[in-house]
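# Geometric and topological summary
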Amino acid sequence: MEQLKARLAELTELLEAERERLSRLVITRETAGELLARMTDGGAVDEPVLETPTAAAVEGSPFEGAERRVVGTLSVPKWQPGMAESVLPRVYQDILEVVDDAPGPVRAKQVVPRIGLPVETTKIEVTRSKLKRLVVRGWLEETTPGLFTPSRIRKTHSSNSPWKRGASF
């Protein structure tokens with residue numbers, strides 16, 4: 001039984017490390033997509049861009065003849081009237097739900113445990129980054145630095161208000 005508990009703890013630690021790595025990769029992908037969008041006509045890039053490697057790059061490559069994909073999609077689109085939270089990645093939906101259900105402005109460190117993450121500096125900073133991304137895209141507002149609330153415009157267009165659901169914080 002003790003060996004299984006030790007193995008479970010080890011696997012849990014590995015899982016958490018992989019979740020953190022995935023979170024960083026998602027942020028990196030979004031940042032790359034934003035930069036790519038700015039380099040093109042300033043609009044969002046929706047289609048993957050396929051590049052064919054040059055002959056010099058292919059010579060001696062173990063991936064000879066393979067196409068490289070550069071994906072430049074934005075996973076957090078700009079909010080527009082009628083847009084549902086379901087267009088967002090799951091973690092962003094969870095963050096929105098926490099902020100929407102709060103009786104007032106919330107800080108990143110209040111959101112972290114409510115979305116199932118341990119309250120650690122790295123998790124708080126990653127969550128703060130996601131909150132700020134939601135602000136830039138119109139899903140949330142940052143009333144004062146570090147305090148996040150639902151976007152007033154989004155809430156006026158939403159019929160699914162947390163207060164109608166009887167939510168508590």
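Everything discussed here concerns the structure shown above.
All of the points below concern the structure found in this document. (Residues numbered from 1 in each chain as written. Predicted model: local features only at pLDDT ≥ 70, side-chain atom pairs only at ≥ 80, totals over all residues. Heavy atoms only, no water.)

### Here's the deal with the side chain of Thr149
Among the secondary structure elements, Thr149 is positioned in strand E4 (residues 147-150). For Thr149, a relative accessible area of 12% puts it in the buried group. (Helix = DSSP H or I, 4+ residues; strand = E, 2+ residues; numbered from the N terminus. Buried < 20%, exposed > 50% of the residue type's maximum accessible area, 1.4 Å probe, protein only.)

### Side note on helix H3 (residues 90-101)
Along its twelve residues, H3 runs 16 Å from first to last C-alpha, staying within 8% of the 16 Å computed at 1.5 Å per residue. Where H3 is concerned, the buried positions are Tyr92, Gln93, Ile95, Leu96, Val98, Val99, Asp100 and Asp101. (Expected span 1.5 Å × (residues − 1).)

### A word on the side chain of Thr127
Counting through the fold element by element, Thr127 comes out in helix H5 (residues 121-136). Discounting residues that sit within four places of it in the chain, Thr127 has contacts with Ile95, Ala108, Val111, Val112, Ile115 and Leu117. (Contact = heavy atoms within 4.5 Å.)

### Comments concerning the packing of aromatic side chains
Going through the model one piece at a time under the given rule, you end up with zero aromatic pairs. A cation over an aromatic ring shows up here: Lys130 above the ring of Tyr92, its NZ or CZ 5.9 Å from the ring centre. (Phe/Tyr/Trp six-rings, centres within 6.5 Å; stacked < 30°, edge-to-face > 60°. Lys NZ or Arg CZ within 6 Å of the ring centre and 35° of its normal.)

### Re the pairing of strand E3 (residues 140-144)
Pairing between E3 and E4: four bridges, direction antiparallel. If you follow Thr144 over to E4, its bridge partner there is Leu147. Connecting E3 to the next strand, E4, in antiparallel fashion are two residues, including Gly146 with a positive phi near 90°. (Pairing = 2+ DSSP bridges.)

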